[in-house]
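Next come the chains, spelled out residue by residue.
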Amino acid sequence: MDRFEYGEVVINDEESVILRESGAKIYDGDNKTAFEGGLLELTTHRLIWSKSSDCSLILHLMYVVYVEEERTGFAFSKSIKFILHLTEPLPGKPPGPVTKSAFNHVKIAFKDKSDLTFLHNLREVLQLKKWLVNITPNNEIAPKAAPIKIRTGIVGIERQIHEKHKETDENISKAFQDLNKLMVMAKDMVNLSKTISQKIRDKQGDITEDETVRFKSYLLSLGVDDPVTRNSFKNDSQFHEELAKQIADVLENPIKEVGGMMSLADVYCRVNRARGLELLSPEDLLNACNLLAKLNLPLFLREFESGVKVLQLCSHSDEKIIKVTVSQLKEKNSCTAEELAQDIGIPVLLAKERLLAAEKSGQACRDDTIEGLRFYPNLFLEVDR
Amino acid sequence: MRRKAGMGAIQKQKLEQEKYRDKGTELQENQLELMSKQLEVFRSNLEDFAAKHRSEIKRNPQFRRQFQEMCASIGVDPLASRKGFWSVLGMGDFYYELGVQIVEVCLATNHRTGGLIRLSELRNLLIKARGKRKEHQEITCDDLLQAANKLYMLGSGFRVIRVGHGKMEDYLVQSVAAELSIDHTAVLGLAEMGNNSTKSSGITVSDVINRLHWEENRAKMALEYLVKEGLAWIDLQSKPEKSYWFPSLFSATA
């Protein structure tokens, strides 16, 4: 703001007025000033702000290095400001409204105007730089801009980034306020659901079956995990039944190809990849798989002792698998899970399960060393031969 | 006339209890009604919220994290089902897709790492594999943790382990069904911290004994178990005693 000066408006011959706008407000840096609601004239050499007749504020355009627009609030709102980045005031400059300003930029805002004609015109004029063309004795101050431009450029970019961050922050804090309100409501409901589930636990039988099912669906849609209702009552959601049928359809053949068993993580990946959009959550998958057996579909969910969950073909029998595994063992003399996996072409997890199943049925023995877990065919069974 | 004893009193008591029970059931029904009403109100509020802020949520990882924390503090899981109320926020797909990609990356690197991968390495690999659009690039470690934690229920041994504490805290994502006890994770944490210093080295039994103040047997057992599970390698050429290296903790070059 200290680059402005008081002066009389006398338009000389070389200078011409390009644009006149009313309702102009000047900001010193980011702060408001008292200079608002005035008439702003853009000439080829200067920017003149005047209100009422006598004194006007003049800014020589040679001080202006860079102009950009700033939109506050939401886009396309009425408040557009133009930021004019300025160079240092030259010594010997006539006095202005402010002797020393902390800012290197001023802002100009027009009331109720949101178009960019002013910006374009100002940029054009700055390009032309008519004040350089003939340095008349009126203009005793010589422009000297070169090295400072670079600094202002980067500062300008930094400022832009800063503005963007501020805007995002404002949006987010509004969002957070709304979020807080939502959360308070959700908390109430969670507490209420806890009381209800407590009642269910205590007075089992007083609350009817389908009320519990309804309650359970509420919990599911809220996302509350309640151990009481999770296992004890039926979970007959139509959505999950549909899912189960879908899964059985899609995966029956691939599971046959990999040998009758597929780990649930694998199933999850394949199903979601096949769906593309509208992906499933792990819980949804689990609930759907639990329904597979009930719906008499060709696959069912099986959980091993180690906690591994797989989808298995109904037609797949354990004994056949054990026979195959044992014959493989006899051929190779001994196997680790990794070796078996590579030989047959199944995942390591399932190979391990097969070997453990063989061991359980007494047809294989384990050798547990630091080198890993290795299985041998059970030679005790062949002692007599 | 109030009877305090005798048949009359017992019968009276029974009658009272029945009345109380009926009242209780009635109140309970009211509660259920109340709950369903509240749910409706909540659902409409949630939809308003989603309409206003859905794009914000998609774009801003900080907001996502805040949201998840708040939900966790109440006891609500917004990712539980795609049919739930929270699906209106549109976050589900993002996390489920992330889950699928985590599984794929882990399975692909299993042969190299033995089934254990550092969260930061996982994140780098994922960023490389995902699309080039900015929203695909901006996944934070918190997002990964959220997605990985849900994979646990698929039962294939997906688990997130925390090693170290305070500033040196880091996470390892486990994708094999090896049972890692507290001792094992402590040893892993030790190996990890060693790697953070300038000299990346394996650890020896003495290291474990000195830094963790265990006795020799315990240290040996833990290290040997890790070798057996394929998570550690033995280096017999290091002096003065053999050292153990963890391929899953090697920093990914290129």
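In the block above lies the structure referred to throughout.
As the structure is a prediction and not an experimental result, all values here were calculated from the model.

## A word on the overall build of chain B
Thought 1: For chain B, the count of helices and strands is nine helices and six strands.
Thought 2: For chain B, with 254 residues in total, the buried portion stands at 44%.
Thought 3: Here the contacts in chain B between residues at least 6 apart in sequence split such that 54% fall between residues at least 24 apart.
Thought 4: Working note: accessible area of chain B is about 14,000 Å², and carbon and sulfur atoms make up 52% of it.

## Topic: the interface of chain A and chain B
Thought 1: Taken together, the contacts link 60 residues of chain A with 60 residues of chain B.
Thought 2: Summed over both sides, the interface between chain A and chain B buries roughly 5,700 Å², with carbon and sulfur atoms accounting for 67% of that surface.
Thought 3: The interface formed by chain A and chain B includes four salt bridges.
Thought 4: Residue Lys228 of chain B pairs with Asp368 of chain A through a salt bridge whose shortest N-O separation is 2.6 Å.
Thought 5: Inspection of the region where chain A meets chain B yields four residue pairs in polar contact (both at pLDDT 80 or more).
Thought 6: Elements with a minimum of two residues in the side of chain A that touches chain B: α3 (146–202), α4 (209–222), α7 (264–275), α8 (282–290), α11 (348–360) and β14 (364–369) of chain A.

## Observations regarding the sheet that holds strand β4 (residues 203–204) of chain B
Within a beta sheet, neighbouring strands are joined by backbone hydrogen bonds and run either parallel or antiparallel to one another.
Residue and element names in this part refer to chain B.
Thought 1: Taken in spatial order, the three strands make up an open sheet running β4-β6-β5, and their pairing is antiparallel. Strands with a single pairing partner mark the edges of an open sheet, and in this sheet they are β4 and β5 (233–235).
Thought 2: Both β4 and strand β6 (residues 243–245) contribute to a ladder of two bridges, which runs antiparallel. Across the sheet, Thr204 pairs through a bridge with Ser243, a residue of β6.

## Quick word on the nonpolar core
Thought 1: The biggest cluster of nonpolar side chains holds 77 residues, and the ones touching the most others in it are Leu285 and Leu311 of chain A together with Ile102 and Leu122 of chain B.
Thought 2: Residues in contact with Ile102 of chain B, not counting those within four places in the same chain, are Leu122, Leu126, Leu144, Ala147, Ala148 and Leu151 of chain B.
Thought 3: The next biggest cluster of nonpolar side chains, apart from the first, holds 29 residues, and it includes Phe4, Phe35, Leu59 and Leu61 of chain A.

## Here we look at helix α3 (residues 92–113) of chain B
All names here are of chain B.
Thought 1: Here α3 spans 29 Å end to end across 22 residues, near enough to the 32 Å set by a 1.5 Å rise per residue.
Thought 2: Its axis deflected by about 30° at Leu107, α3 carries its strongest bend there.
Thought 3: Count one or two residues on from α3 and you reach Gly114, which has phi positive near 80°.

## A short note on the pairing of strand β8 (residues 80–86) of chain A
Residues and elements named next belong to chain A.
Thought 1: For β8, the tally of buried residues reaches seven of seven residues, placing the bulk of the element in the interior.
Thought 2: Pairing of β8 with strand β9 (residues 105–110) involves five bridges; the strand directions are antiparallel. Bridging across to β9, Lys81 finds its partner in Ala109.

## Let's talk about the pattern of salt bridges
Thought 1: The final tally for this structure, using the stated rule, is 14 salt bridges over all chains.
Thought 2: One salt bridge in this structure joins Arg374 of chain A and Glu339 of chain A, with 3.1 Å as the shortest N-O distance. Separated by 35 residues along the polypeptide, Arg374 of chain A in strand β15 (residues 372–377) and Glu339 of chain A in helix α10 (residues 337–344) bring together distant segments of the chain.
Thought 3: Given the relative accessible area of 23%, Arg374 of chain A is considered partly exposed.
Thought 4: For Asp183 of chain B, the salt bridge identified is with Arg218 of chain B, shortest N-O distance 2.9 Å. With Asp183 of chain B in helix α7 (residues 182–196) and Arg218 of chain B in helix α9 (residues 216–228), this residue pair connects regions lying 35 residues apart in the sequence.
Thought 5: With a relative accessible area of 36%, Arg218 of chain B lands in the partly exposed category.

## Considerations on the packing of α3 of chain B against helix α4 (residues 119–129) of chain B
All names here are of chain B.
Thought 1: Orientation of α3 relative to α4, taken along the N-to-C sense of each, is 110°, at an axis distance of 10 Å. In terms of axis orientation, α3 runs roughly perpendicular to α4. Once α3 is placed against α4, the crossing between them reads as right-handed. Residue-level inspection shows Leu98, Gln101, Ile102, Val105, Cys106, Thr109 and Arg112 of α3 in contact with α4, the latter providing Glu121, Leu122, Leu125 and Leu126.

## Points about the packing of α7 of chain A against α8 of chain A
All names here are of chain A.
Thought 1: Contact geometry for α7 and α8: axes closest at 11 Å, N-to-C directions at 110°. Put simply, α7 runs roughly perpendicular to α8. Every pair of crossing elements has a handedness; the one defined by α7 and α8 is right-handed. The segment α7 lies against α8, with Leu264, Val267 and Tyr268 engaging Pro282, Leu285, Leu286 and Cys289.
Thought 2: Class assignment of the residues belonging to the contact of α7 with α8 gives a composition of seven nonpolar, no polar and no charged.

Cut-off values and rules
- Along each chain, numbering runs from 1 in the same order as the chain's sequence is written.
- Labels follow written order: the first chain is A, the first ligand is 1, and so on.
- Only residues with pLDDT of 70 or above have their local features reported here, since the model is predicted, and side-chain atom pairs are shown and tallied only from 80 upward, although totals for entire chains, interfaces and linings are computed over all residues.
- Each side-chain value is derived from all of the structure's non-hydrogen atoms; neither hydrogens nor water enter the calculation.
- Secondary structure is summarised from DSSP: a helix means a run of H or I of at least four residues, a strand means a run of E of at least two, and numbering begins at the N terminus for each.
- Burial here depends on accessible area, computed with a 1.4 Å probe over protein chains only, as a share of the maximum for the residue type. Under 20% is buried, over 50% is exposed, and the range in between is partly exposed.
- By the convention used here, residues are in contact when the closest approach between their heavy atoms is within 4.5 Å.
- A 1.4 Å probe and the Shrake-Rupley method give the accessible areas. Residues count as covered only by the protein chains that appear here.
- Two parts placed together each lose some accessible area under a 1.4 Å probe, and adding up what both lose gives the buried area.
- When a carboxyl oxygen of Asp or Glu is within 4 Å of a side-chain nitrogen of Lys or Arg, the pair counts as a salt bridge.
- Each polar contact in these results corresponds to two N or O atoms within 3.5 Å; when the atoms are within protein, one needs to be able to donate a hydrogen and the other to accept it, and residues that are neighboring in sequence are counted only if both atoms are side-chain atoms.
- Any two strands are treated as partners once DSSP identifies two or more bridges connecting them.
- The nonpolar core is taken to be a set of buried Ala, Val, Leu, Ile, Met, Phe, Trp, Tyr and Cys residues, with the residues joined through side-chain atoms within 4.5 Å.
- In this analysis, the expected span of each helix is defined as 1.5 Å times one less than the number of residues it contains.
- Bend, in this description, refers to the angle at a residue between axes fitted to the seven residues ending there and the seven starting there.
- Orientation is described by lines fitted to C-alpha atoms, with helices fitted over the stretch in contact, and by angles between N-to-C directions that extend from 0 to 180 degrees.
- Here roughly perpendicular refers to angles of 65 to 115 degrees, roughly parallel to angles under 35, roughly antiparallel to angles over 145, and oblique to all remaining angles.
- Note on convention: the crossing is left-handed when the near helix lies turned anticlockwise from the far helix by less than a right angle, right-handed when the turn is clockwise.
- Under the grouping applied here, Gly and all other residues not named as nonpolar or charged are polar, the nonpolar ones being Ala, Val, Leu, Ile, Met, Phe, Trp, Tyr, Cys and Pro and the charged ones Asp, Glu, Lys and Arg.

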